[in-house]
Amino acid sequence: FLARLRVMLAQIACEKGDTARARAELNIAMPLLKKLPADEALMAEASVAQAAVSRSDRQFREAAMQYDAAARFLRGAGRYGDMALVLEDSAQAWADAGEPGLAADRWHRSARSALAAGAVEHAGDLIKKGSQAAAEGGDKSLQAAFGRLQAELGRAAAAAGSKTEP
């Protein structure tokens, strides 16, 4: 209970922009979490809070790694929608860290999830960001993967349009 409370207090502090308080709460929470049985959802929440603190400190690489950890925890917890959102945050942090290839990979994974969830417009935005990052990073295989995803997006959009017509 105490670990969950400290993570929640860290999240609240992050939302208020009080990174010093968030960091202090996480410093208390993390040793407590290590003593508890595995709770992947709670570990994901702690990782997202840590990422927010790192991002606030302009430590983008560290933030990206924490978001990646959160995505792994969320996948383990079966929270795929939340995982897709965290992957978006990871992609942006990797981009901010000057790692367009890693950013493109995370945007690709998030776009696939968004498309699978039927969020066609959002998937299109992610594909655009990811395609630009893949081109910037010179990753031909990811550029091709985004091309295939774009084609899948077109098919999904066409199918959605035909369902709404009389």
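Residues numbered from 1 in each chain as written. Predicted model: local features only at pLDDT ≥ 70, side-chain atom pairs only at ≥ 80, totals over all residues. Heavy atoms only, no water.

(A) Structural context of the overall build of the chain. Of the regular secondary structure elements, the chain holds eight helices and zero strands. Starting at the N terminus and walking to the C terminus, you meet the elements of the chain as α-α-α-α-α-α-α-α. Considering only C-alpha atoms, the chain reaches an extent of 55 × 40 × 30 Å along its principal axes. Classification of the 166 residues of the chain by burial places 37% in the buried group. (Helix = DSSP H or I, 4+ residues; strand = E, 2+ residues; numbered from the N terminus. Buried < 20%, exposed > 50% of the residue type's maximum accessible area, 1.4 Å probe, protein only.)

(B) Expanded view of the nonpolar core. Tyr67, Val86, Ala104, Trp107, Ile127, Leu142 and Phe146 are the most contacted members of the largest nonpolar core, which totals 30 residues. Secondary structure elements with two or more residues in this core: α3 (40-56), α4 (60-76), α5 (80-96), α6 (100-116), α7 (120-137) and α8 (140-164). Discounting chain neighbours no more than four positions away, the residues touching tryptophan 107 are Glu88, Ala91, Gln92, Ala95, Leu126, Lys129, Gly130, Ala133 and Phe146. One finds Ala3, Val7, Leu33 and Leu42 within the second-largest nonpolar core, a separate group that totals seven residues. (Core = buried A, V, L, I, M, F, W, Y, C linked by side-chain atoms within 4.5 Å. Contact = heavy atoms within 4.5 Å.)

(C) Inspection of the pattern of salt bridges at higher detail. The final tally for this structure, using the stated rule, is nine salt bridges. Here aspartate 57 ties to arginine 23 by a salt bridge, and the two come within 2.4 Å at their closest N and O atoms. One end of the pair, aspartate 57, is in the loop between α3 and α4; the other, arginine 23, is in helix α2 (residues 19-35), and 34 residues separate them in sequence. Relative accessible area serves as the criterion here: at 32%, arginine 23 is assigned to the partly exposed category. (Salt bridge = Lys/Arg side-chain N within 4 Å of Asp/Glu carboxyl O.)

(D) Inspection of the packing of helix α1 (residues 2-15) against α3 at higher detail. As a packed pair, α1 and α3 sit with axes 9 Å apart at the nearest point and diverge in direction by 35°. Considering the relative orientation of α1 and α3, their crossing is left-handed. Across the interface between the two elements, Arg4, Val7, Ala10, Gln11 and Cys14 of α1 pack against Leu42, Glu45, Ala46, Ala49, Ala52 and Val53 of α3. Grouping the constituent residues of the contact of α1 with α3 by class yields eight nonpolar, one polar and two charged. (Axes fitted to C-alpha atoms, helices over the stretch in contact; angles between N-to-C directions. Left-handed = near helix turned anticlockwise from the far one by under 90°. Nonpolar A, V, L, I, M, F, W, Y, C, P; charged D, E, K, R; others polar.)

(E) Quick look at the environment of valine 120. Its location among the elements puts valine 120 in helix α7. Since its relative accessible area comes to 22%, valine 120 is described here as partly exposed. Sequence separation between valine 120 and aspartate 105 is 15 residues; the distance between their C-alpha atoms is 19 Å. Ignoring anything within four residues of it in the chain, the contact list for valine 120 reads Leu115, Leu153, Ala156 and Ala157.

(F) Structural detail: the environment of leucine 32. Locating leucine 32 in the fold gives a position in helix α2. According to the relative accessible area criterion, leucine 32 is partly exposed, its value standing at 24%. Each C-alpha atom of the pair leucine 32 and aspartate 68 lies 21 Å from the other, and the pair is 36 residues apart in sequence. Residues in contact with leucine 32, not counting those within four places in the same chain, are Leu2 and Ala3.

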